[in-house]
Amino acid sequence: STNYNNSWGGGARNSTCTNCTFIGNSTHRGGGAGYGGNFVDCTIISNAVRYENYEGFGGGIYNAGNVIGCTIVSNAANYGTGGGVCTCTFVSNCVIRYNAARIGMDPGKSGGYPNNGGGGGAAHSNCYDCEFVGNAVNFGPASGAMLNGSAYNCTFRRNSCQSGCGAYWWPFDLQDCVFEDNW
């Protein structure tokens, strides 16, 4: 169902969610579908963070412990960071497609550092065996697929950033990944 929360977690907050579907939820601060907790085998579609001061986090999921086997599609961090997921400890075997961080980093706002915007697919998260396809940021420099985190055995295809890199920016660790047609 469609829910709105004026604070954190539009659909769920600090919960363990298994085989759940989150569609069209939104929040003012972070986690359009959910904030905190764990998400296993969930479908996260068209959720958003709608905060308009460059501080919205995780259009899909924000600040979760585990995100495992999820399909995360068409979520948005409007004026923020991490269209699909943001600040998640362990993201594994997920399909992360067509998510967006709609503003990215603006040198004139919030000090202009990369953690203030970007990462259309994911930001500040550790990702294992994930597929990133068609994620985007419309302002940079930032990254369309992933910003500031670690990626192991992940695939990055057709991700884009208007003024940055299509796939990956500021990695902590990057191992055994495939990059195809990012811009």
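Everything discussed here concerns the structure shown above.
Reading guide: rules and limits
- Residues numbered from 1 in each chain as written.
- Predicted model: local features only at pLDDT ≥ 70, side-chain atom pairs only at ≥ 80, totals over all residues.
- Heavy atoms only, no water.
- Helix = DSSP H or I, 4+ residues; strand = E, 2+ residues; numbered from the N terminus.
- Buried < 20%, exposed > 50% of the residue type's maximum accessible area, 1.4 Å probe, protein only.
- Pairing = 2+ DSSP bridges.
- Axes fitted to C-alpha atoms, helices over the stretch in contact; angles between N-to-C directions.
- Core = buried A, V, L, I, M, F, W, Y, C linked by side-chain atoms within 4.5 Å.

### Observations regarding the environment of W170
- One can find W170 in the loop between β28 (168–169) and β29 (173–175).
- Judged by relative accessible area, W170 falls into the partly exposed class, the value being 48%.
- A C-alpha to C-alpha distance of 7.3 Å links W170 and G149, two positions 21 residues apart in sequence.

### Quick word on the sheet that holds strand β4 (residues 21–23)
- The seven strands lie next to each other as β4-β8-β13-β18-β22-β26-β30, forming an open sheet whose pairing is parallel. The open sheet is flanked by β4 and β30 (178–180), the only strands paired with a single partner. Across this sheet, the average inter-strand angle for adjacent strands is 5 degrees, counted without regard to direction.
- Bridging between strand β13 (residues 71–73) and strand β18 (residues 95–97) involves three bridges; their strand directions are parallel. Paired with I72 across the two strands is I96, which belongs to β18.

### What to know about the nonpolar core
- F39, V67, V91, F132 and F156 are the most contacted members of the largest nonpolar core, which has 29 residues in total.
- In terms of nonpolar packing, the next biggest core, distinct from the first, is built from seven residues, Y35, C86, A123 and L147 among them.

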